[in-house]
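One-letter residues, chain by chain:
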Amino acid sequence: MNASRVLATAVRVLRQLRHDPRTIALMLLVPVLMITLLRYVFDGSPGTFDSVGASLLGIFPLITMFLVTSIATLRERTSGTLERLLAMPLGKADLIAGYALAFGLLAVVQSALATATALWLLDLTVTGSPWLLLLVALLDALLGTALGLFVSAFAASEFQAVQFMPAVIFPQLLLCGLFTPRDTMQPALEALSDALPMSYAVDGMNQVLRHTDMTADFVRDALVVAGCALLVLVLGAATLRRRTP
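Predicted model only: the values in this text are computed from it and were never measured.

**Concerning the overall build of the chain**
Next, step 1: Helix and strand content of the chain: 11 helices and 0 strands.
Next, step 2: Compactness check: the chain gives a C-alpha radius of gyration of 18 Å against a globular reference of 18 Å for 245 residues, within 12% of the reference.
Next, step 3: The dimensions of the chain, computed from C-alpha atoms along their principal axes, are 55 × 40 × 30 Å.
Next, step 4: Put simply, of all contacts in the chain between residues at least 6 apart along the chain, 78% involve residues at least 24 apart.
Next, step 5: Computed over 16 positive and 16 negative side-chain charges, the inter-centroid distance for the chain is 17 Å.

Right under this line is the structure:
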């Protein structure tokens, strides 16, 4: 992997996104709007917002980055851009790393906006450090980016890319512990939830919600989410196709 090629790829992607304000709005504003909507859904019971708001602060960026990244990468392949790029001295790892860097920078902005809105405008109450909350939100957004890059290799159209969301995101959403504690689930489902990265993302947010200091469980959760994102990026580079048949 060549650093200059990775950087050049990231700059190209960011330049393209600059001319697509709707995509930028989807990535940066939708999580903020969703967390704001959630706050006023629970307007009569702010304690409920405190208990679920931190978890959703990580889930919303993951979902939006998954959608945007999978569709953007697929569009590159179906238009023939990806084939032309890979005909140059540009490896698959360079391309995937460049995309991850570009969308990762946007993920930093997205996570910062959502976290700042939740904490200082919507009065989300957390016991731990806001920086730890931001860290988990950022890792979740990067995981969504990695998953989007990975599943785009298996989609033949943008519609199919969106169809992967029920298969990849929804099971994690149901089993992550957002709706009920994972240890109260049926044993087989609890075991499955232990293998899904979103479970650790939600648990990491809950650690910040309840503890003043960084706990060992928080470190474990953050490492698992980061490790899953890196693993999926490697798989994405391995499965990347030059074009859609």
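Here the narrative resumes, following the displayed structure.
**A look at the packing of helix H3 (residues 46–78) against helix H7 (residues 158–168)**
Next, step 1: Look at H3 against H7: their axes get within 9 Å of each other, and the N-to-C directions meet at 150 degrees. On the basis of their axis angle, the class for H3 and H7 is roughly antiparallel. When you trace H3 past H7, the crossing you get is right-handed. Residues Ile-63, Phe-66, Leu-67, Ser-70, Ile-71, Leu-74 and Arg-75 of H3 form the contact with H7, whose own contacting residues are Glu-158, Ala-161, Val-162, Phe-164, Met-165 and Val-168.
Next, step 2: Class assignment for the residues of the contact of H3 with H7 results in 10 nonpolar, 1 polar and 2 charged.

**Here's the deal with the nonpolar core**
Next, step 1: Counting 46 residues, the largest nonpolar core has Ile-35, Ile-59, Leu-124, Leu-133, Ile-169 and Met-198 as the members making the most contacts within it.
Next, step 2: If you tally residues by element for this core, the top one is H3, at 10 residues.
Next, step 3: Val-13, Leu-17, Met-27 and Ile-96 belong to the second largest nonpolar core, which has 16 residues in total.

**Focus on the packing of aromatic side chains**
Centre distance and the angle of the planes are the two values used to describe a pair of aromatic rings.
Next, step 1: The full count for this structure, using the stated rule, is 1 aromatic pair.
Next, step 2: Both rings, one in Tyr-99 and one in Phe-103, keep their centres 6.2 Å apart while their planes meet at 15 degrees; by these two values the pair is stacked. One end of the pair is Tyr-99 and the other is Phe-103, both in helix H5 (residues 92–121) and 4 residues apart, which spans about a single turn. An identical accessibility class is assigned to Tyr-99 and Phe-103; each is buried.

**Remarks on helix H11 (residues 216–239)**
An α-helical segment advances 3.6 residues per turn. Residues three or four places apart therefore align on the same side.
Next, step 1: The end-to-end C-alpha separation of H11 is 34 Å, in line with the 34 Å expected for 24 residues at 1.5 Å each.
Next, step 2: When we look at burial in H11, the residues that qualify are Phe-218, Asp-221, Ala-222, Val-225, Ala-229, Val-232, Gly-236 and Ala-237.
Next, step 3: Buried residues belonging to H11 abut H5, helix H6 (130–151) and helix H10 (197–210).

Cut-offs and rules
- Residues numbered from 1 in each chain as written.
- Predicted model: local features only at pLDDT ≥ 70, side-chain atom pairs only at ≥ 80, totals over all residues.
- Heavy atoms only, no water.
- Helix = DSSP H or I, 4+ residues; strand = E, 2+ residues; numbered from the N terminus.
- Rg over C-alpha atoms; globule rule 2.2 N^0.38 Å.
- Contact = heavy atoms within 4.5 Å.
- Lys, Arg positive; Asp, Glu negative; His and termini not counted.
- Charge placed at Lys NZ, Arg CZ, Asp CG, Glu CD.
- Axes fitted to C-alpha atoms, helices over the stretch in contact; angles between N-to-C directions.
- Parallel < 35°, antiparallel > 145°, perpendicular 65-115°, else oblique.
- Left-handed = near helix turned anticlockwise from the far one by under 90°.
- Nonpolar A, V, L, I, M, F, W, Y, C, P; charged D, E, K, R; others polar.
- Core = buried A, V, L, I, M, F, W, Y, C linked by side-chain atoms within 4.5 Å.
- Buried < 20%, exposed > 50% of the residue type's maximum accessible area, 1.4 Å probe, protein only.
- Phe/Tyr/Trp six-rings, centres within 6.5 Å; stacked < 30°, edge-to-face > 60°.
- Expected span 1.5 Å × (residues − 1).

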